[in-house]
Amino acid sequence: MIKEKGTISINTENIFPIIKKFLYSDHEIFLRELVSNAIDATQKIKRLSSLGQYNKELGELTVQIKVNKKKKTITISDAGLGMTAEELKKYINQVAFSGATEFMEKFKEAKDANEIIGRFGLGFYSAFMVSEKVEIQTLSYQEGAAPAKWTCDGSTAFEIAAGKRETRGTDIILYVNEESAEFLEDHRIQQILDKYAKFLPVPIQFGTKSESVEDGKDEEGKTKYKSIDVPNIINKTQPIWTKAPSELKDEDYLSFYKELYPFTEDPLFWIHLNVDYPFNLTGVLYFPKLKNDFEIQKNKIKLFSRQVFITDEVKDVVPEFLMLLHGVIDSPDIPLNVSRSFLQSDSNVKKINSYISRKVAEKLQELFNKDRKGYESKWNDIGLFVKYGALSDEKFYEKAKDFVLLSNTQQEFFTPEEYKTKVKDFQTDKNGQLIWLYTGDADQQHSFIQSAQQKQYDVLLMNSPIDNHFMQHLEMKLEKTTFKRVDADIVQKLIEKEEAPKHSLTEEQSNQIKALFEKALNNTAMKVEVESLAAEALPVTITMEEWMRRMKEMSKMGGGPMSFYGSMPDSYKVAINANHRLIGKILAADEASQTTLAKQACDLALLSQGLLKGADLTKFVERSVEVL
Ligand code: ADP
């Protein structure tokens, strides 16, 4: 064969310096690109063989990676379909872009190496990020093909000549440059392969490992062992997401999970994804046991394209509320050289996103229908996903409303629809509004819960970080439904009924009591009112109005327009129970005892709301001792 020299493309004068210089942070992807090319070439020869277009032995198809520290080379070898000299010219020389000018323009917009490589079909050329010279030795599968060699020293000049490869396939030999010496370290290569190549569909060998094998018997007849070097295959060629769900057992899913995330607890359940229209997607998504450190758990979904790892930043592919899921997604519709901007704008990606959201909803509905008790037992872990999903994704809410659960202080679970039925008899107010009572802290609000329950009211437990938002959402969605915390008012007024209870005090007595207690409290933020409560209820009850407390809580969480409320002083309502014996006693007492009794009753109420602190608490204790 005649030696041939030329330049890669008249317009590519500046491309190598750019590749080398600007794409620095992504250097390790050269190996991903070259190994993917080797895999593609291998898959192609397999396909040709199965189509009967190649009739010779396929032989050993393992892709091999070798590092020679002395010669400073990395070689990637495959037994794929190889290339003829003509094909080298066609596929390697004609870099797939129209000209340097366009390249430079696009380059300025591009945010990372992936975008450049993807847009211009520069996969192979990423080799130059780490090499001062690249050599290709290749022999095509085609009848009568001659081995060919391509070399290029990183300038735009290349050389094609007769090669020396004797078997079908391709060697890519990288002469690693000074700055990239790290890639001559085995552990570095191993690390990159672990990241990108762990599940590639063709076996990949990197180095050898020792294995112990049987070696005859000793004098006593015991089996002897010796250690031999065997090829170190770094990948699993058939990861579970490539198999049909019917072939798989629970153990398979669990052990794959352990392989991806060693040292984590078993997941709660999983979803096997499998679509081929209108886009291609396979994968397995796991619901992990949730810990409180949400942040650390993010970015646990790995995105693959035909088993090549792409990224674990799946923000645009997976609905945000499902970012805490773990697992893998594989879609050939996502190009290998995917970039941020691609993911954001691609319509397939949007479809994938809503598909995943739908699948998750279906799985949850299925669990709910099939095994309600089991589903309830997992609610602690999945509740946050479901509520957050319902809040952030309208379509998801439409499905989730049938399997989102509310639990009450008795640990019973209800869907919103079920709950409506449960409470409608006792908890509808005089305007036909359903009042759903809840507590954020069952211990702290114990006395309020108790008095609500005495009136046959049910109390929900709403103590997760997003429950405030979730309740507001439900109020918007459900008709004539309002949430009220149990301590938002005295029990008679939490749910207002027709008959307004009357008490027996005269107006003058009422005013006297009111004045006495205002003086005892000595706090303008506490609004005193005389109410007619059950004789056995507490003499003084302190409450904070629902909307005021909610505004304050929201302002604590989010700021924004709500922060205004955060700066307002707390304001409370103080209900004096006109029917309590103590009130009669106060009215009949002398002035000094009146003050002591009123103070004592107020402090007890403050104490039960956790509002009595510091010097006031000390005074209360002293006064109590005195009274005793
Ligand atoms: P892409 O893989 O995106 O097409 P590359 O620059 O990585 O872009 O490769 C260009 C072409 O060179 C490939 O499409 C393929 O035809 C050929 N090629 C690259 N590596 C190999 C290989 N190991 N064996 C056979 N052909 C290869």
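Q: Which parts of the structure should I look at to understand the sheet that holds strand 13 (residues 308–311)?
A: Two modes of strand pairing occur in sheets, parallel and antiparallel, and in both the strands are linked by backbone hydrogen bonds. With mixed pairing, the five strands of this open sheet are ordered in space as 10-11-14-12-13. Each having just a single partner strand, strand 10 (269–275) and strand 13 make up the two edges of the open sheet. Each strand of the sheet is rotated relative to its neighbour by a mean of 20°, with strand direction disregarded. Looking at chain direction, strand 12 (residues 301–305) and strand 13 are connected through three bridges and run antiparallel. Bridging from a neighbouring strand, Leu303 pairs with Thr311 of strand 13. In this fold helix 10 (residues 347–370) packs onto strand 10, strand 11 (281–287) and strand 14 (326–330), with an angle of close to 135° to the strand it touches most, strand 10.

Q: What am I meant to see in the sheet that holds strand 22 (residues 572–577) here?
A: Strand order in the open sheet formed by three strands is 20-22-21, with mixed pairing between adjacent strands. Among the strands making up the open sheet, the edge pair consists of strand 20 (526–531) and strand 21 (540–543). Adjacent strand axes in the sheet meet at a mean angle of 25° when their direction is disregarded. Taken together, the six bridges between strand 20 and strand 22 define a ladder with parallel strand orientation. Its bridge partner lying in strand 22, Glu531 is registered against Asn577.

Q: I tried to follow the pattern of salt bridges on my own but got confused; where do I start?
A: Any two side chains of opposite charge can pair, so long as their charged atoms come close to each other. Tallied over the entire structure, the rule returns 28 salt bridges. Two residues, Lys69 and Glu185, come together in a salt bridge whose shortest N-O distance is 3.2 Å. In this pair, Lys69 is assigned in the loop between strand 2 (63–68) and strand 3 (73–78) and Glu185 in the loop between strand 7 (169–176) and helix 6 (186–196), connecting sequence segments 116 residues apart. What makes Glu185 partly exposed here is its relative accessible area of 31%. The shortest N-O distance in the salt bridge between Lys527 and Glu529 comes to 3.2 Å. The exposure class of Glu529 is partly exposed, given its relative accessible area of 26%. Among the ionic contacts, a cluster of salt bridges with common partners joins Glu28, Glu182, Arg188 and Lys195.

Q: So what exactly am I meant to see when it comes to unusual backbone geometry here?
A: Glycine aside, the phi torsion of most residues is negative, and most peptide linkages are trans. For the peptide bond that leads from Tyr277 to Pro278, omega is 5°, which places it in the cis range. Structurally, Pro278 can be placed in the loop between strand 10 and strand 11. The phi angle at Lys72 is positive, at roughly 60°, despite the residue not being glycine. Locating Lys72 in the fold gives a position in the loop between strand 2 and strand 3. For Lys72, a relative accessible area of 46% puts it in the partly exposed group. Positive phi, close to 60°, is recorded for Gln411, a residue that is not glycine. Topologically, Gln411 is positioned in the loop between strand 15 (406–407) and strand 16 (413–414). In this structure Gln411 comes out as exposed when scored by relative accessible area, which is 59%.

Q: Just checking my understanding: could you explain the pairing of strand 17 (residues 434–439) for this structure?
A: Put simply, side chains in a regular strand alternate between the two faces of the sheet. Most of strand 17 sits inside the fold, with six of its six residues counted as buried. Of the two faces of strand 17, the one carrying Leu434, Trp436 and Tyr438 and the one carrying Ile435, Leu437 and Thr439 are both buried. Bridge analysis of strand 17 against strand 19 (residues 481–485) gives five bridges, and the strand direction is parallel. Residue Tyr438 lies in a different strand from strand 19, and its bridge partner there is Arg485. Crossover connection from strand 17 via helix 14 (residues 446–454) to parallel strand 18 (residues 459–461): handedness right-handed.

Cut-offs used in this document
- Residues numbered from 1 in each chain as written.
- Predicted model: local features only at pLDDT ≥ 70, side-chain atom pairs only at ≥ 80, totals over all residues.
- Heavy atoms only, no water.
- Pairing = 2+ DSSP bridges.
- Helix = DSSP H or I, 4+ residues; strand = E, 2+ residues; numbered from the N terminus.
- Axes fitted to C-alpha atoms, helices over the stretch in contact; angles between N-to-C directions.
- Contact = heavy atoms within 4.5 Å.
- Salt bridge = Lys/Arg side-chain N within 4 Å of Asp/Glu carboxyl O.
- Buried < 20%, exposed > 50% of the residue type's maximum accessible area, 1.4 Å probe, protein only.
- Right-handed = clockwise from strand over helix to strand, strands pointing away.

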